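# Observations on chain architecture
Chain residues, written in single-letter form:
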Amino acid sequence: MLTRYCSPGLLGLGVIALIAGFMAGMAGNVSAFATVWTYDIYRPFIRKTAPDKHYVTMGRWCTLIGLIISIGTAYIVMQFGSIMDYVQALFSMFVAPLFGTVLLGMLWKRVTRPAGFWGLLAGVVGSIAAFLLMKFSPERWVPILALTPRASGLAQDMYQALWACVICVVVTVLVTLVTKPDPNLNLTGLVYGETQIPSEKHLPLLQRPVFWSAIVLVIFIILNIIFW
Amino acid sequence: MNNDAPLITVWFFVGVLLLCYGVLIFAGSWYYAANPPAEPVVLANLHIGVWWGLLLVAVGGIYTWKFRPKRAI
């Protein structure tokens, strides 16, 4: 769209904006990757006792190695029609099941830790399986998983995400029912049922979020009817 | 901290950047409008770059003037 509508000056500005957004996102992701690896995996499971200087060094090497791996994964994008297809495929594999886990964890206090883990794993595996099936045997699996044989790449990604979320939620619920919750776990402020929700009754109608939520819902329904 | 040092906020740099972008985009789009290529972009007759350049110059100028370095009180 940029090359279609923008003259050289605006095209440069648009590209700058894109690159700035990518850099900001990448900086955050690299930092998160180094932190998660060093403090959530390396320190608790691989080397528990080491001076802080060692963990700082590990974080720096992790950042460098992570960047090199990410450059390598950029070549995988060449297998897809566009970077949007690639990003949506990844999101459907990892973000969609995570949404199911987080949603259940926030709204249902009964959910257990093993249930969260196995539900998330099942969702990820299910999404990857759906992706591989639709990629290597599209004539057979696209009509089943995407509900129509004419589904485009992005539509297939959307249904991948849907199935991933559904599998995650189902597995999480089933595992929760056969596992016992931790009786010492303090969920105050973390789960809907254990949190005191501030009252909005003293606010005028126009300042209540539920009123504007209803407005947005009505507009959403109207637009869906118009553009169905 | 030296009280005589001028106070420079990040918005001053934002204004300078917008001003520079505006000048470059305006100049480039003006030249593009005066010397159109054989295959121009869609809706090139609207000269979007010229208007955006002027807008960026205006906003950048306002920010540069409003947030120019001042001496701390």
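What counts, and where the lines are drawn
- Residues numbered from 1 in each chain as written.
- Chains lettered and ligands numbered in written order.
- Predicted model: local features only at pLDDT ≥ 70, side-chain atom pairs only at ≥ 80, totals over all residues.
- Heavy atoms only, no water.
- Helix = DSSP H or I, 4+ residues; strand = E, 2+ residues; numbered from the N terminus.
- Buried < 20%, exposed > 50% of the residue type's maximum accessible area, 1.4 Å probe, protein only.
- Contact = heavy atoms within 4.5 Å.
- Areas by Shrake-Rupley, 256 points an atom, 1.4 Å probe, with all protein chains shown as cover.
- Axes fitted to C-alpha atoms, helices over the stretch in contact; angles between N-to-C directions.
- Parallel < 35°, antiparallel > 145°, perpendicular 65-115°, else oblique.
- Left-handed = near helix turned anticlockwise from the far one by under 90°.
- Nonpolar A, V, L, I, M, F, W, Y, C, P; charged D, E, K, R; others polar.
- Buried area = accessible area lost by both parts, 1.4 Å probe.
- Salt bridge = Lys/Arg side-chain N within 4 Å of Asp/Glu carboxyl O.
- pLDDT = per-residue confidence, 0-100.
- Phe/Tyr/Trp six-rings, centres within 6.5 Å; stacked < 30°, edge-to-face > 60°.
- Lys NZ or Arg CZ within 6 Å of the ring centre and 35° of its normal.
- Bend = angle between axes of the 7 residues up to and from the residue.

## A closer look at the overall build of chain B
What chain B contains, in helices and strands, is two helices and two strands. The helix and strand sequence of chain B, counted from the amino end, reads β-α-α-β. Of all 73 residues assigned to chain B, the portion counted as buried reaches 18%. Summarising the internal contacts of chain B: among those between residues at least 6 apart in sequence, 87% fall at separations of at least 24. Here chain B has roughly 5,500 Å² of accessible surface; of this, 73% comes from carbon and sulfur atoms.

## A closer look at the packing of helix α4 (residues 83-107) of chain A against helix α5 (residues 113-136) of chain A
All names here are of chain A. Contact geometry of α4 with α5 gives a least axis separation of 9 Å together with a crossing angle of 155°. One finds that α4 runs roughly antiparallel with respect to α5. The chirality of how α4 crosses α5 is right-handed. Side by side, α4 and α5 meet where Ala89, Ser92, Met93, Phe94, Pro97, Leu98 and Thr101 of the first sit next to Gly116, Leu120, Gly123, Val124, Ser127, Ile128 and Phe131 of the second. Within the contact of α4 with α5, the residues separate by chemical class into nine nonpolar, five polar and no charged.

## Thoughts on the interface of chain A and chain B
Taken residue by residue, the interface counts ten residues in chain A and eleven residues in chain B. Between chain A and chain B lies a buried interface of about 840 Å² when both sides are counted; carbon and sulfur atoms form 78% of it. Area buried by chain A at its contact with chain B is led by A:Tyr5, A:Leu10 and A:Leu13, which between them contribute 49% of it. Applying the counting rule to chain A against chain B returns zero salt bridges.

## A look at the confidence of the model for chain B
Taken residue by residue, chain B gives an average pLDDT of 87. The fraction at 70 or more is 90%. Among the scores for the predicted complex, ipTM is 0.74 and pTM is 0.63.

## A look at the packing of aromatic side chains
Residues and elements named next belong to chain A. Summed over all chains, the structure comprises ten aromatic pairs over all chains. Following the ring pairs from residue to residue traces out a cluster consisting of Trp37, Tyr42 and Tyr55. The residue whose ring lies beneath arginine 43 is tyrosine 55, and the NZ or CZ to ring-centre distance is 5.5 Å.

## Remarks on the environment of A:Phe91
Relative to the helices and strands, A:Phe91 resides in helix α4. A relative accessible area of 45% places A:Phe91 in the partly exposed class.

## Quick word on the environment of A:Gly105
Residue and element names in this part refer to chain A. Assignment of secondary structure puts glycine 105 in helix α4. Owing to a relative accessible area of 29%, glycine 105 belongs among the partly exposed residues under this scheme. With ten residues separating them in the primary sequence, glycine 105 and alanine 115 have C-alpha atoms 9.9 Å apart.

## What to know about helix α2 (residues 8-46) of chain A
The largest bend along α2(A) reaches roughly 30° and is located at A:Thr38. Here α2(A) has its buried residues at A:Gly9, A:Leu10, A:Gly14, A:Val30, A:Ala34, A:Thr38 and A:Tyr42. Packing partners of the buried residues in α2(A) comprise α1 (2-5) and α3 (52-74) of chain A together with α1 (10-34) and α2 (48-66) of chain B.

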